[in-house]
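# Fold and geometry: a report
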Amino acid sequence: METENGARWLNAGEQAAWRSHLEVSKLLTYQLERELQPFGLTFNDYEILVNLSEAEDRQMRMSDLARATLQSKSRLSHQITRMENAGLVKRQDCASDRRGLFAVLTDHGWQTMTKVAPHHVAAVREHFIDLLSPADLTTLHRAFEPVAEHLRTARGRV
């Protein structure tokens, strides 16, 4: 339905889908964050640990890590400082680029990941995966992939 100003308002079904998506996204993030708190981690901490644990040599350029976690470089820098103070990561100069810095997963960070990951995966299963059928998961992935691709492309233009 369009109005004089050209806005394409959401119909009832679109509005319900959109609001359901927003609610699930917020509630799931909140729940997973709560379940990381006993380990002294935030959701952002865990995301950084995951990225570093999956990277070659358990390290990433700070700029690449900022892109991967959708954080500004300054916000990531503050986060990494906090995580350095906890012994989870360290910064390391890049030999090939004097201005470049790597975030590197420490042994303590790796041990933390191996301790926390099973609990996190169990929480993801309990609060998301096990509530949906395999067919629903396939449909959800198929539905969200074009949205993710569109947003990745849009982000690259900014």
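Everything that follows concerns the structure shown earlier in this document.
Residues numbered from 1 in each chain as written. Predicted model: local features only at pLDDT ≥ 70, side-chain atom pairs only at ≥ 80, totals over all residues. Heavy atoms only, no water.

Despite not being glycine, Asp57 has its phi angle at roughly 60°, a positive value. Position of Asp57 relative to the elements: it lies in the loop between α2 (43-54) and β1 (59-61). Looking at Asp57, the relative accessible area reads 61%, which means it is exposed. Positive phi, normally seen in glycine, also occurs at Arg58, with a value near 55°. With respect to the helices, strands and loops of the structure, Arg58 is situated in the loop between α2 and β1. (Helix = DSSP H or I, 4+ residues; strand = E, 2+ residues; numbered from the N terminus. Buried < 20%, exposed > 50% of the residue type's maximum accessible area, 1.4 Å probe, protein only.)

So, on to helix α5 (residues 107-127). Side chains of residues three or four places apart in an α-helix project in the same direction, reflecting 3.6 residues per turn. For α5, spanning 21 residues, the distance from its first C-alpha to its last is 30 Å, which sits close to the expected 30 Å at 1.5 Å a residue. For α5, the principal kink sits at Val116 and spans about 35°; a proline, Pro118, occurs within the next four residues. Burial in α5 covers these residues: Gly109, Thr112, Met113, Val116, Ala117, His120 and Ala123. (Expected span 1.5 Å × (residues − 1). Bend = angle between axes of the 7 residues up to and from the residue.)

The biggest cluster of nonpolar side chains holds 21 residues, and the ones touching the most others in it are Leu49, Leu52, Leu65 and Ile80. Those elements giving two or more residues to this core turn out to be α2, α3 (62-68), α4 (73-85), β3 (97-105) and α5. Per-element accounting of this core gives the leading share, 4 residues, to α2. Ignoring any residue separated from it by four or fewer positions in sequence, one finds Leu52 in contact with Arg58, Gln59, Met60, Leu65, Val89, Ala103, Val104 and Leu105. (Core = buried A, V, L, I, M, F, W, Y, C linked by side-chain atoms within 4.5 Å. Contact = heavy atoms within 4.5 Å.)

The end-to-end C-alpha distance of α4 is 18 Å, a good match for the 18 Å that 13 residues give at a rise of 1.5 Å each. Turning to α4, its buried residues number three or more, namely Leu76, Gln79, Ile80 and Met83. Burial along α4 is one-sided: seen end-on, the buried residues are contained in an arc of 100°. Among the exposed residues of α4, those pointing more than 90 degrees away from its buried face are His78 and Asn85. A positive backbone phi angle near 80° is found at Gly87, which sits one or two residues after α4. (Arc of directions from axis to C-beta.)

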